[in-house]
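Coordinate analysis (summary)
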Amino acid sequence: HIFGGSAGNWLVPALHTACANTHRTAVLADASLGRGGRIDHKRLQNAVTLLQESFSKTLNDRKELKPDTSWSEEGSKKAGVVYIVNQLFSMYFRLNTLRLCKNLVLPVEKRHLHEQGPKGEMVTYRYYVGRLNMFEDQYENAERNLDYALNHCHRSATKNKRRILNYLLPVKLKRGRLPTRHLLEKYSLHEFLPLVEGIRTGDLRTFNDGLARYQDLFIRRGTYLLLEKCKTVCYRNLFKRVYLVSRRSQLPLDLVGKSFKFLGMPIDLDEVECILANLIFQGFVRGYISHTKRILVLSKKDPFPVSAVIPS
């Protein structure tokens, strides 16, 4: 009430502190009152209501936000919006109520409030929006937002960069962009090593073994299903290796089947045909399948287009 009736935005820093403390206290209270390892998040849900009210009071200030505005009696309360939005993002992700994020993103981006302010707030905002894009299968937007967050993150904030990469790497793998081994080792992201190696070489067994080994970790992050989709790129690269070794534009399906048997993953020809049909449908392979002859007829021009895997 005091904040809403105050002139200017000089109380915004105090509001930010109150919001952060409310968030932190609610999380600690839920953890301490949880029984048998189960947390009901009741305190956190109550805290969300308080922060939503703070969000409304800052967003609906009649004064227009001007760039590089200092805290004063003439400033706009809109300068405090992004910080509160980031706190609410964190709460929504913890509560798994991602549908509510849209109620924050739309008004903020309509007013372009996310394009100005402290660098740290803009990085955090892009990080959460990138994660939201990822869960909505908007991989191009997810990559753009997470790339921004990584590139503008403070050079010494190694933990934050690792946190961003936990979500940026699955998006890049899905879009066919493979990180270097140096990058993975620099940020101790060893769980991605077998996945990257499997995709790069078309080694489906290495990919599946890595996915199974770190399954629980990926599920906790919410990236397991996305990484499972990356298997399509692994299939594509496996078939490309068979094509390059055989040097034949007409590949018998039993020859493709032998590659799976060599990897210790024997499958029947009907399953091989199903996988290839899916790759052709998605544009990863150019050609057609002769069902009667059990042959994959590949296009003579660019049968495995890179542009289908790595969009421009």
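Summary of the structure given here. Owing to the predicted nature of the structure, the values given are computational and were not obtained by experimental measurement.

This next bit is on the sheet that holds strand S3 (residues 295-298). Strand order in the open sheet formed by 3 strands is S1-S3-S2, and the pairing between neighbours is antiparallel. Of all strands in the sheet, those with a lone pairing partner are strand S1 (250-252) and strand S2 (287-290), marking the two edges. Taken pair by pair, the neighbouring strands of this sheet meet at an average axis angle of 20 degrees, ignoring direction. Strand direction decides the pairing type here: S2 and S3, joined by 4 bridges, are antiparallel. Bridge pairing in S3 links Ser290 to Ile295. Lying on the sheet, helix H15 (residues 253-262) is in contact with S1, S2 and S3; it crosses S1 at an angle near 60 degrees.

Next up on the list: the packing of aromatic side chains. Counted by the stated rule, this structure contains 11 aromatic pairs. For the pair Phe89 and Tyr128, a centre-to-centre distance of 5.7 Å together with 40 degrees between the ring planes defines the contact as tilted. In this pair, Phe89 sits in helix H4 (residues 81-95) while Tyr128 sits in helix H6 (residues 119-135), placing the two residues 39 residues apart along the sequence. We classify Tyr128 as buried; its relative accessible area is 13%. In this structure an aromatic cluster arises from ring pairing among Phe89, Phe93, Tyr125, Tyr127, Tyr128, Phe135 and Tyr167.

Here is what the cut-offs are and how they apply
- Residues numbered from 1 in each chain as written.
- Predicted model: local features only at pLDDT ≥ 70, side-chain atom pairs only at ≥ 80, totals over all residues.
- Heavy atoms only, no water.
- Pairing = 2+ DSSP bridges.
- Helix = DSSP H or I, 4+ residues; strand = E, 2+ residues; numbered from the N terminus.
- Axes fitted to C-alpha atoms, helices over the stretch in contact; angles between N-to-C directions.
- Contact = heavy atoms within 4.5 Å.
- Phe/Tyr/Trp six-rings, centres within 6.5 Å; stacked < 30°, edge-to-face > 60°.
- Buried < 20%, exposed > 50% of the residue type's maximum accessible area, 1.4 Å probe, protein only.

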